[in-house]
Amino acid sequence: MIGIFGGTFDPVHYGHLRSALEVKDIFGLGEVRLIPCANPPHREQPAVTAEMRLQMLELAIKNQPGLKIDTRELDRYDLYQVPSYMVDTLESLRQEFPSEPLLLFIGSDAFTHLTGWHQWQRLFDFAHIVVMTRPGFETQTLDDFFKARLAGVNELAQATAGKLCFQQVTQLDISATAIRDIIARKQNPGFLLPDAVIEYIKQHKLYETH
Ligand code: ATP
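Fair warning: this is a prediction, and the values are worked out from it, not measured in the lab. (Residues numbered from 1 in each chain as written. Predicted model: local features only at pLDDT ≥ 70, side-chain atom pairs only at ≥ 80, totals over all residues. Heavy atoms only, no water.)

Attention now moves to the overall build of the chain. In terms of helices and strands, the chain carries nine helices and six strands. Against the globule reference of 17 Å for 210 residues, the chain gives a C-alpha radius of gyration of 17 Å, in line with a compact fold. With the C-alpha coordinates aligned to their principal axes, the bounding extent of the chain is approximately 50 × 40 × 30 Å. Nonlocal contacts in the chain, meaning residues at least 24 apart in sequence, comprise 74% of its contacts between residues at least 6 apart. Accessible surface computed for the chain: about 10800 Å², of which carbon and sulfur atoms make up 48%. Charged side chains in the chain number 20 positive and 26 negative. The centres of these two groups are separated by 2 Å. (Helix = DSSP H or I, 4+ residues; strand = E, 2+ residues; numbered from the N terminus. Rg over C-alpha atoms; globule rule 2.2 N^0.38 Å. Contact = heavy atoms within 4.5 Å. Areas by Shrake-Rupley, 256 points an atom, 1.4 Å probe, with all protein chains shown as cover. Lys, Arg positive; Asp, Glu negative; His and termini not counted. Charge placed at Lys NZ, Arg CZ, Asp CG, Glu CD.)

Listed below in C-alpha cells is the structure:
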C-alpha cells in the first residue's frame, strides 16, 4: 500500500512530516509519497519557486527512508503548464501501480471542500481517501456517496481504491502561513520545521516580505 500526501510545502513543516510518518505506521504503508504541487488550482500561488520548495522537502526527509518525494506534478507542469489536479496525479500513479492500494491523505479542512475539487468523484476510481482528523472531530452528516464508501483501517488493503476512512492523527498546530508570517516579522521559526530547512530559508532569504 502506498500513501500519498499532496501539498504546497511552502515551506514543509513538522505538521506535514509528523502526520505523514504517523499514517505510515497506522496503515502499515510501504512508503508515503510527498507530492509537491506545481500550480495549486484552489489557492494563491506559492511564495517561492517549485525548485526551492522541492529542495526544502529534500532536506526535510533526508533521514526518513519511508518518506519519498514524488515530482510528477512539477514534471507535468514543466511539460504542459496545466493546473495540478489531484485526479490527474492519482490517475498517473494508478497507471504506474495497477494493483497496489493507493491511500490519499487529506486534512479534515480539505475534506470539507472536497466536492469542489476537479472531477472529485473520480478520485475514488484511483485511490482510497483517508481524512486525517483531530481528537474530538465529529463527522458531519455525510451524503450517500460518501456513506456508501465508509471503511475501517483494516478494510483498505482489500481493495485498491474506492473507500473513505477517517483516522485520528496527532495534529500539530503548525501552518506554512504562520511560518511565513513569523519569518516576515523577523521572529524565530525554530521547532516548527527542521533546522536544515530553516538554514535553507535563511541562506536564500525566503519569506522575508509578505
Ligand atoms: P498554508 O498555510 O500555506 O495553506 P499548510 O501548512 O496548510 O499551508 P499545505 O502544503 O497546504 O500546508 O498542506 C498540505 C496538506 O498537509 C493538506 O492536506 C493539509 O491538510 C495538511 N496539513 C497542513 N498542516 C498540517 C498540520 N499541522 N498537521 C497535519 N496536516 C497538515
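Among all positions of helix H4 (residues 86-96), only Met86, Val87, Thr89, Leu90, Leu93 and Arg94 are buried. End-on, the buried residues of H4 take up no more than an arc of 160 degrees, which puts them together on one face. Summarising the contacts, the buried residues of H4 are in contact with strand E1 (2-7), strand E2 (31-36), helix H3 (72-80), strand E4 (102-107) and helix H6 (123-126). (Buried < 20%, exposed > 50% of the residue type's maximum accessible area, 1.4 Å probe, protein only. Arc of directions from axis to C-beta.)

Pairing of side chains with opposite charge becomes possible as their charged atoms draw close. Scanning the entire structure with this criterion turns up 10 salt bridges. Here Arg180 makes a salt bridge to Asp10, at a shortest N to O gap of 3.9 Å. Here Arg180, found in helix H8 (residues 176-184), pairs with Asp10, found in the loop between E1 and helix H1 (14-26); they are 170 residues apart in sequence, far enough to count as distant. In this pair, the class of Arg180 matches that of Asp10, namely buried. The partner of Glu96 in a salt bridge is Arg72, with the nearest N and O atoms 2.7 Å apart. With a gap of 24 residues between them, Glu96 in helix H4 and Arg72 in helix H3 connect regions that are remote in the sequence. Residue classification places Glu96 among the partly exposed residues on the basis of a relative accessible area of 43%. One network of salt bridges, in which partners are shared, links Glu31, Arg33, Lys68, Asp70, Arg72 and Glu96. (Salt bridge = Lys/Arg side-chain N within 4 Å of Asp/Glu carboxyl O.)

Next up on the list: the site of the ligand. Within the structure, the ligand sits among 19 residues, and His13, His16, Leu172, Ala176 and Thr177 are positioned closest to it. In the model, a nitrogen atom of the ligand is placed 3.4 Å from a nitrogen or oxygen of the Gly15 main chain. Within the contact set of the ligand, an oxygen atom lies 3.4 Å away from a backbone nitrogen or oxygen of Gly107. Classifying every residue of the shell around the ligand gives six nonpolar, 10 polar and three charged. (Near = heavy atom within 4 Å. Polar contact = N/O pair within 3.5 Å; in protein donor to acceptor, adjacent residues only side chain to side chain. Nonpolar A, V, L, I, M, F, W, Y, C, P; charged D, E, K, R; others polar.)

Let us look at the environment of Gly30. In this structure, Gly30 sits in the loop between H1 and E2. Distance in space between the C-alpha atoms of Gly30 and Leu67 is 9.3 Å, their sequence separation being 37 residues. Apart from the residues lying within four places of it in its own chain, the contact partners of Gly30 are Met1 and Lys24.

Its place among the elements puts Asp70 in the loop between strand E3 (67-69) and H3. Take Asp70: its relative accessible area is 5%, and that puts it in the buried class. Separated by 2.9 Å, the side chains of Asp70 and Arg72 make a polar contact. Contacts of Asp70, omitting those with residues within four sequence positions, involve Arg33, Leu34, Ile35, Pro36 and Leu93.

Moving on, we get to the sheet that holds E1. The pairing of strands in a sheet happens through backbone hydrogen bonds and is either parallel or antiparallel. With respect to topology, six strands assemble into an open sheet ordered E3-E2-E1-E4-E5-E6, the strand pairing being parallel. The open sheet terminates on both sides in strands that have one partner only, identified here as E3 and strand E6 (164-168). In this sheet, adjacent strand axes meet at a mean angle of 30 degrees when their direction is disregarded. Of the pairings in the sheet, the one linking E4 to strand E5 (residues 128-133) comprises five bridges and is parallel in character. Paired with Gly107 across the two strands is Met132, which belongs to E5. Sitting on the sheet, H1 is in contact with E1, E2, E3, E4, E5 and E6, with an inclination near 150 degrees to E2. (Pairing = 2+ DSSP bridges. Axes fitted to C-alpha atoms, helices over the stretch in contact; angles between N-to-C directions.)

Relative orientation of the contacting elements H3 and H4 amounts to 110 degrees, with a least axis distance of 10 Å. Between H3 and H4, the angle falls in the class roughly perpendicular. Note that H3 runs across H4; the crossing there is right-handed. Taken together, the residues of H4 that come into contact with H3 (itself represented by Arg72, Glu73 and Arg76) are Met86, Asp88, Thr89, Ser92, Leu93 and Glu96. (Parallel < 35°, antiparallel > 145°, perpendicular 65-115°, else oblique. Left-handed = near helix turned anticlockwise from the far one by under 90°.)

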